[in-house]
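One-letter residues, chain by chain:
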Amino acid sequence: MPEDRISHRAAEPVGAFPHAKRVGDLLFLSGIGPRRRGSRDIPGVTLDAGGDVVDHDIAAQTHAVFENVRFVLEDAGADWADIVDVQVFLTNMKRDFATFNRIYAEYFAGDGKPNPTRTTVEVGALPTPIAVELKVIAFVGMRNR
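Residues numbered from 1 in each chain as written. Predicted model: local features only at pLDDT ≥ 70, side-chain atom pairs only at ≥ 80, totals over all residues. Heavy atoms only, no water.

A. Quick look at the sheet that holds strand 6 (residues 83–90). One open sheet accounts for six strands, arranged 1-2-3-8-6-7; its pairing is mixed. A strand with exactly one partner marks an edge of an open sheet, and here the two such strands are strand 1 (3–5) and strand 7 (117–122). The sheet shows a mean angle of 15° between the axes of neighbouring strands, direction not considered. Relative to strand 2 (residues 20–23), strand 1 runs antiparallel, the two sharing three bridges. By the bridge assignment for strand 2, Asp4 is matched with Lys21. In the packing of helix 1 (residues 58–75) onto the sheet, contacts are made with strand 2, strand 3 (26–29), strand 6 and strand 8 (132–139), and the angle to strand 8 comes to roughly 30°. In the packing of helix 2 (residues 93–108) onto the sheet, contacts are made with strand 6, strand 7 and strand 8, and the angle to strand 7 comes to roughly 160°. (Pairing = 2+ DSSP bridges. Helix = DSSP H or I, 4+ residues; strand = E, 2+ residues; numbered from the N terminus. Axes fitted to C-alpha atoms, helices over the stretch in contact; angles between N-to-C directions. Contact = heavy atoms within 4.5 Å.)

Here you go:
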């Protein structure tokens, strides 16, 4: 039976869905963005008076997304090394891919384990004024059944 998992440290979901769902030995994370829990604050985003994005700092958003992913994993009984697949959604591939890729390598390089598979795509927009979102799958084996 699938089991919903909610993090009390990551930003709240923006819809009627859990942060993650465990099915057997797999943990599926919903799309995770860079927002901060308990606020509408988005690291690295500059908005105009009308609420439209004027500029964004992909480095700040990428670090914040990884922090939220880590929170969800840990609160669901998993950890970073359990990640087996990452889907990356960027709103501006040309501008942001190189910076995102450099930061991504900082989080996944050097642990002696194979890196997860990854797909990166450009999207026209995300549900909130963010520039990056991650969809993650982790293998948690027999943990916390």
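B. Quick look at the packing of aromatic side chains. Scanning the entire structure with this criterion turns up nine aromatic pairs. Their ring planes at 50° and their centres at 4.3 Å tell us that Phe66 and Tyr107 sit as a pair that is tilted. Within this pair, whereas Phe66 is found in helix 1, its partner Tyr107 is found in helix 2, the two being separated by 41 residues in sequence. Here Phe66 falls in the buried class, since its relative accessible area comes to 1%. Chaining the aromatic ring pairs together yields one cluster made of Phe66, Trp80, Phe100, Tyr104, Tyr107 and Phe108. (Phe/Tyr/Trp six-rings, centres within 6.5 Å; stacked < 30°, edge-to-face > 60°. Buried < 20%, exposed > 50% of the residue type's maximum accessible area, 1.4 Å probe, protein only.)

Just distances and angles here, no functional claims.
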